[in-house]
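Residues per chain are reported as follows:
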Amino acid sequence: MTEKLGNLNVSIESGSVVSRIQTDGNKGKGQKMQVLVPKALNGEINEELLDEIEVDSDLYASGRVKITFENDVVMKLTTPYDVGFVGEEHSGLVVSSHCAIIRVKDSDAVDGRFLAYFLSSPHAKDYLKSITSGAATAMLKIKDIAGIPVPLLPIEEQRQLGEIFTAFSRKKKILAQMITAESQAEDSLIMDAVDGRM
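Residues numbered from 1 in each chain as written. Predicted model: local features only at pLDDT ≥ 70, side-chain atom pairs only at ≥ 80, totals over all residues. Heavy atoms only, no water.

### Considering the packing of aromatic side chains
Then comes step 1: Here the structure, examined in full by the defined rule, presents two aromatic pairs.
Then comes step 2: Their ring planes at 20° and their centres at 6.4 Å tell us that Phe114 and Phe118 sit as a pair that is stacked. Highlighted residues: Phe114 and Phe118, both in helix α3 (residues 112-119), separated by four residues, approximately one helical turn. Like Phe118, Phe114 is buried.
Then comes step 3: Taken together, a centroid distance of 5.6 Å and an interplanar angle of 45° make the contact between Tyr117 and Phe165 tilted. Taken together, the residues Tyr117 in helix α3 and Phe165 in helix α6 (residues 155-194) connect sequence positions 48 residues apart.
Then comes step 4: With a relative accessible area of 14%, Tyr117 lands in the buried category. (Phe/Tyr/Trp six-rings, centres within 6.5 Å; stacked < 30°, edge-to-face > 60°. Helix = DSSP H or I, 4+ residues; strand = E, 2+ residues; numbered from the N terminus. Buried < 20%, exposed > 50% of the residue type's maximum accessible area, 1.4 Å probe, protein only.)

### A closer look at the sheet that holds strand β3 (residues 30-36)
Then comes step 1: Pairing is mixed in the open sheet, where three strands are placed in the order β4-β3-β7. Because the sheet does not close on itself, it has two edges, and the strands there are β4 (51-56) and β7 (94-95).
Then comes step 2: As paired elements, β3 and β4 share six bridges and run antiparallel to each other. Among the inter-strand pairings, Gln31 is bridged to a residue of β4, identified as Val55. (Pairing = 2+ DSSP bridges.)

### So, the side chain of Ser16
Then comes step 1: Here Ser16 lies in the loop between β2 (10-14) and α1 (18-21).
Then comes step 2: From its side chain, Ser16 meets the backbone nitrogen of Lys66 in a polar contact 2.7 Å long.
Then comes step 3: Setting aside chain neighbours within four positions, we find Ser16 in contact with Ile21, Arg64, Val65, Lys66, Val95, Ser96 and Ser97. (Polar contact = N/O pair within 3.5 Å; in protein donor to acceptor, adjacent residues only side chain to side chain. Contact = heavy atoms within 4.5 Å.)

### Some words on a negative patch on the surface
Then comes step 1: Side chains of Glu47, Glu48, Glu70, Glu88 and Glu89 sit close together on the surface and give a patch of like negative charge.
Then comes step 2: As for its placement among the helices and strands, Glu48 is situated in the loop between β3 and β4. (Patch = residues over 30% accessible without salt bridge, like charges linked within 9 Å, V, L, I, M, F, W, Y side chains within 5 Å. Areas by Shrake-Rupley, 256 points an atom, 1.4 Å probe, with all protein chains shown as cover. Salt bridge = Lys/Arg side-chain N within 4 Å of Asp/Glu carboxyl O. Lys, Arg positive; Asp, Glu negative; His and termini not counted. Charge placed at Lys NZ, Arg CZ, Asp CG, Glu CD.)

### A closer look at the nonpolar core
Then comes step 1: The biggest cluster of nonpolar side chains holds 25 residues, and the ones touching the most others in it are Leu5, Met75, Ile102, Leu115, Leu119, Ile145 and Ile148.
Then comes step 2: At the level of elements, β2, β5 (73-76), β6 (83-85), β8 (99-104), α3 and α4 (122-132) are the ones that each hand at least two residues to this core.
Then comes step 3: Top element by residues in this core is α3. It accounts for five residues.
Then comes step 4: Those residues in contact with Met75 that sit more than four places away from it in its chain are Leu41, Tyr81, Asp82, Val83, His98, Cys99, Ala100, Leu119, Leu128, Leu140, Ile145 and Ile148. (Core = buried A, V, L, I, M, F, W, Y, C linked by side-chain atoms within 4.5 Å.)

### Thoughts on the environment of Val73
Then comes step 1: Among the secondary structure elements, Val73 is positioned in strand β5.
Then comes step 2: Placed 21 residues apart in sequence, Val73 and Glu52 show a C-alpha to C-alpha distance of 20 Å.
Then comes step 3: The residues contacting Val73, other than those within four sequence positions of it, are Val83, Gly84, Ala100, Ile101, Ile102, Gly112, Leu115, Ala116 and Leu119.

### Focus on the pattern of salt bridges
Close approach of charged atoms lets side chains of opposite charge pair.
Then comes step 1: Taken as a whole, this structure holds six salt bridges when the rule is applied.
Then comes step 2: Notably, a salt bridge pairs Lys66 with Glu13, separated by 3.5 Å at the nearest N-O pair. Of this pair, Lys66 sits in the loop between α2 (57-61) and β5 while Glu13 sits in strand β2; the two residues are 53 residues apart in sequence, bridging distant segments of the chain.
Then comes step 3: By relative accessible area, which is 24% here, Lys66 ends up partly exposed.

Nothing here speaks to function; it is all geometry.
See below:
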């Protein structure tokens, strides 16, 4: 059994237009903040790819700057519709207008981690591609995201799956780091051989 995402206990909104929330150059009127841009989304949030801007303090205080909170899910609005889960360490990032924030209102009904990994699944991506095919641009609207059919699983099962997916993601990250380190070692050996240091 499934339910449309918009009918679950979540809110969905687009991010901030970054050029509209930046300071106009007045010193002391802004605060430096990290920006979550689409390229930083890949199931998790890649900290190395975050941008930094100076945000207008008045706009921030008024609540017009869209930021992340723990347990949010952020989705890129263009293909390939990448998704990232917001853990405690990524709370407070500015979300750019090229992304949507899916905020879980009741963590006893919806698990954010499970939701992030489900939205990253081929099933969800195929659904999104099917509703945007034929469009001049494959840019999602909030109503498109709200219409995604999500499996209705008991909260404990969602949490278990979220933990399993998180473990898989961490393992993939470690394996990628190992491959990078091995490639660097291989390159170093080749350079040593070429330079006669062997």
